[in-house]
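The chain contents come next:
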Amino acid sequence: MLIVALVMMAMLTSTASGMEPIRHRALRGHQIWQLSGDGGAVSFELMQKGLMDVLGHSRTSRKVRVPSRALEEARRILQERGVAHEVLVEDLATFLEEKERLARGSVERESCFPNSCPRPFGNSYMTFKQIEWFLQNLCENSTRASLTSLGKSTENRDIWMVHLRSEGPKAGGAIWVEAGIHAREWISSAVALHLLKNLLQDDGTAGHPDVYVVPMANPDGYEYSRTLDRFWRKNRRRASNPECMGVDLNRNWGFHYGVGASDFECSEVFKGAAAFSEPETKALRDAMKKVKDNLKMVLSLHSYGQQLLYPWGYSEEETAPDTDDLIKAGNVFVEAIKNLSNTSYAVANVARDLYKASGTTEDWAKSVLGVKYTYTLELRDEGENGFLLDPSHILPCSEEVWEGLKVLLQRIF
Ligand SMILES: [Zn+2]
């Protein structure tokens with residue numbers, strides 16, 4: 001009771017005194033910069049050092065977020081390299097608060113309760129709890145779907161996997177869909193939930209594979225990004241410096257571990273203490289290993305950039321086995337989307353067209369598990385709103401991915 005009273009008092013005090021709300025406090029003083037000329041190259045170097053967060057998913061991207069602790073050093077290094085910068089956002093916390101203030105009230109409420117959460121949200125992003133309620137609801141009402149916890153996250157949340165058993169005539173293969181491994185890429189989990197709903201209702205147009213979906217691979221990071229830091233990417237592994245917590249879970253897989261990742265815990269691409277040091281990647285690895293003989297495709301959902309990426313990520317020189325088939329099937333996927341909504345997605349190679357990145361789900365599943373088709377799908381948009389994608393994109397983005405996935409599966413199975 002005393003605690004409740006104290007919390008209430010603290011809430012009243014903060015409102016009465018005009019103190020800033022707790023949301024986005026972690027981003028107070030962070031800035032968004034646009035770099036000039038060939039700033040793209042130096043930005044990746046500074047990201048490894050933990051001084052910058054590269055916001056675009058392209059080689060030439062020059063939009064970066066600079067944490068307040070790194071403003072001075074980043075400015076100095078850019079000056080030394082002759083790269084100019086323009087400040088696009090002076091204070092990220094104020095920018096986000098203003099954006100949310102303008103959006104408030106325009107969204108219709110959607111219903112989701114512990115024993116009744118019939119559909120994934122189409123006009124707002126769900127909380128982790130709501131996602132759990134939806135998954136429980138889905139699996140309780142289906143004979144085909146079962147829900148398993150693959151393990152616990154750093155902060156003791158469940159890593160949920162839904163298994164949709166095939167009932168069709170062409171049973172005998174499986175696909176794996178992972179989403180939410182990067183916390184701030186909210187659209188990825190939203191799309192995964194809509195895919196689940198569609199796959200369950202599908203009459204066979206998507207072939208009849210067994211389907212494994214992990215819609216929220218990094219629940220701690222997701223909740224943190226929802227409440228304190230909208231740009232949070234990593235998990236919530238403790239670190240000596242509280243500003244530098246977390247491991248990049250998509251650099252923590254054990255294949256060419258460390259290439260294109262960072263040893264510095266402050267970096268957005270910190271690879272962790274060792275391959276599979278994190279409970280989240282361990283849980284995913286162990287579950288994927290159990291079903292590996294059946295897997296024909298692994299699809300890892302991310303944002304943003306509208307690209308269907310194929311391996312390798314670890315090397316520009318090496319060509320992955322089945323590259324021709326990966327590209328051809330990828331083209332089928334992007335053409336289907338183009339025909340449906342006129343949205344352009346590109347088929348691209350991770351290392352050659354984007355940047356070197358190893359320790360990813362995609363490279364590990366291709367090499368260690370030997371899965372033929374492994375992709376990373378960067379969802380909407382092309383950079384206009386980036387990670388801050390408006391929830392009005394949830395339905396159109398889900399619909400186009402569903403359309404692409406159907407034809408892709410018809411081709412593969
Ligand atoms: Zn990502």
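Residues numbered from 1 in each chain as written. Predicted model: local features only at pLDDT ≥ 70, side-chain atom pairs only at ≥ 80, totals over all residues. Heavy atoms only, no water.

Undergrad: Could you clarify how one ought to interpret the domain arrangement of the protein chain in this entry?
TA: It is common to give the size of an interface as the accessible area lost on bringing the parts into contact. Domain boundaries assigned for the protein chain yield domain 1 (19-103) and domain 2 (128-412). Computed from C-alpha atoms alone, the centre-to-centre distance between domain 1 and domain 2 is 26 Å. With 26 residues of domain 1 at the interface, the matching set in domain 2 holds 33 residues. Note on domain 1 versus domain 2: buried area summed over both sides is about 2,300 Å², and carbon and sulfur give 51% of it. Here domain 1 and domain 2 share three salt bridges between them. With a closest N to O distance of 2.8 Å, Arg 65 and Glu 268 form a salt bridge. Put simply, domain 1 and domain 2 have six residue pairs in polar contact (both at pLDDT 80 or more) between them. Among the secondary structure elements, those contributing two or more residues to the side of domain 1 that touches domain 2 are helix H2 (39-48), strand E2 (53-54), strand E3 (63-66) and helix H4 (92-103). No other element matches H4, which puts four residues into the side of domain 1 that touches domain 2. (Domains from an automatic or database assignment. Contact = heavy atoms within 4.5 Å. Buried area = accessible area lost by both parts, 1.4 Å probe. Salt bridge = Lys/Arg side-chain N within 4 Å of Asp/Glu carboxyl O. Polar contact = N/O pair within 3.5 Å; in protein donor to acceptor, adjacent residues only side chain to side chain. Helix = DSSP H or I, 4+ residues; strand = E, 2+ residues; numbered from the N terminus.)

Undergrad: So what exactly am I meant to see when it comes to the state of the cysteines here?
TA: Such a bond, covalent and formed between the sulfur atoms of two cysteines, is termed a disulfide. The full count for this structure, using the stated rule, is two disulfides. Residue pairing for Cys 112: its cysteine sulfur links by disulfide to Cys 117, the two sulfurs lying 2.1 Å apart. Sign of the S-S torsion, about -100° for the bond between Cys 112 and Cys 117, identifies this disulfide as left-handed. Just as Cys 112 is buried, Cys 117 falls in that class too. At a sulfur-sulfur separation of 2.0 Å, the disulfide partner of Cys 244 is Cys 266. Across the disulfide from Cys 244 to Cys 266, rotation about the S-S bond amounts to roughly 80°, and the bridge is consequently right-handed. One end of the pair, Cys 244, is in the loop between helix H7 (219-227) and helix H8 (279-290); the other, Cys 266, is in the loop between H7 and H8, with 22 residues separating them in the sequence. When the bonded cysteines of the protein chain are counted from the start of the sequence, the pairing works out to 1-2, 3-4. Looking at the unpaired Cys 139, the closest cysteine sulfur is the one in Cys 117, lying at 12 Å. Unpaired in this structure, Cys 397 has its nearest cysteine sulfur neighbour in Cys 117, at a distance of 20 Å. On the basis of relative accessible area, Cys 397 is assigned to the buried category, the value being 0%. (Disulfide = S-S within 2.5 Å. Buried < 20%, exposed > 50% of the residue type's maximum accessible area, 1.4 Å probe, protein only.)

Undergrad: I'm lost on the packing of aromatic side chains in this one. Help?
TA: Centre-to-centre distance and the angle between the planes together describe a pair of aromatic rings. Counted according to the given criterion, the structure contains 14 aromatic pairs. Seen in terms of ring centroids, Trp 186 and Tyr 222 are 6.0 Å apart; in terms of plane orientation they differ by 70°. Their pairing is edge-to-face. In this pair, Trp 186 sits in helix H6 (residues 186-201) while Tyr 222 sits in helix H7, placing the two residues 36 residues apart along the sequence. The pair Trp 186 / Tyr 222 is uniform in exposure class, with both members buried. Consider the rings of Phe 255 and Trp 312, whose centres lie 5.4 Å apart with planes at 40°: the pair is tilted. In this pair, Phe 255 is assigned in the loop between H7 and H8 and Trp 312 in the loop between strand E10 (307-310) and helix H9 (323-341), connecting sequence segments 57 residues apart. Neither residue differs from the other here; Phe 255 and Trp 312 are each classed as buried. Taken together through their ring pairs, the aromatic side chains of Tyr 125, Trp 186 and Tyr 222 make up a single cluster. Its end group placed over the ring of Trp 186, Arg 230 keeps NZ or CZ at 3.4 Å from the ring centre. (Phe/Tyr/Trp six-rings, centres within 6.5 Å; stacked < 30°, edge-to-face > 60°. Lys NZ or Arg CZ within 6 Å of the ring centre and 35° of its normal.)

Undergrad: Sorry if this is basic, but what is going on with the coordination of the zinc ion here?
TA: Ideal geometry at a metal centre: 109.5 degrees between donors when four sit tetrahedrally, and 90 or 180 degrees when six sit octahedrally. Protein-derived ligands of the zinc ion are His 182 (ND1), Glu 185 (OE), Glu 185 (OE) and His 302 (ND1), with the metal-ligand distances lying across 2.1 to 2.3 Å. When the donor residues of the zinc ion are listed from N- to C-terminus, their spacing reads H-x2-E-x116-H. Here Glu 185, found in the loop between strand E7 (174-179) and H6, pairs with His 302, found in strand E9 (residues 295-303); they are 117 residues apart in sequence, far enough to count as distant. Note on accessibility: Glu 185 and His 302 belong to one class, buried. (Donors = N, O, S within 2.8 Å, 3.2 Å for Na, K, Ca; no water.)

Undergrad: For this particular structure, what's the right way to read the layout of surface pockets?
TA: Think of a ball as big as a water molecule: rolled over the atoms, this probe shows where empty space is left. In this structure, the second largest pocket encloses a volume near 350 Å³. Along the wall of the second largest pocket there are 23 residues; nearest its centre are Ala 26, His 30, Asp 229, Trp 232 and Glu 243. Of the residues belonging to the lining of the second largest pocket, the class tally is nine nonpolar, four polar and 10 charged. Looking at which domains feed residues into the lining of the second largest pocket, each of domain 1 (19-103) and domain 2 (128-412) gives three or more. (1 Å grid on protein atoms, 1.4 Å probe; cavity = no way out; pocket = protein on both sides within 12 Å on 5 of 7 lines; lining within 4 Å. Points joined across faces, edges and corners; volume = space filled by probe spheres on them. Nonpolar A, V, L, I, M, F, W, Y, C, P; charged D, E, K, R; others polar.)

Undergrad: Would you explain the sheet that holds E2 in this entry?
TA: By way of backbone hydrogen bonds, the strands of a sheet pair with one another, either parallel or antiparallel. Judged by pairing direction, the sheet is antiparallel, and its four strands sit side by side in the order E2-E3-E1-E4 without closing on themselves. With partners counted over all chains shown, the strands left at the sheet margins are E2 and strand E4 (85-89), one partner each. Inspection of the sheet shows E2 paired to E3 by two bridges, in the antiparallel sense. Paired with Asp 53 across the two strands is Arg 65, which belongs to E3. (Pairing = 2+ DSSP bridges.)

Undergrad: Can you help me understand the environment of Glu 140 in this one?
TA: One can find Glu 140 in helix H5 (residues 128-140). Judged by relative accessible area, Glu 140 falls into the exposed class, the value being 62%. In the structure, Glu 140 is positioned 25 residues away from Asn 115 in sequence and 9.8 Å away in space, judged by C-alpha atoms.

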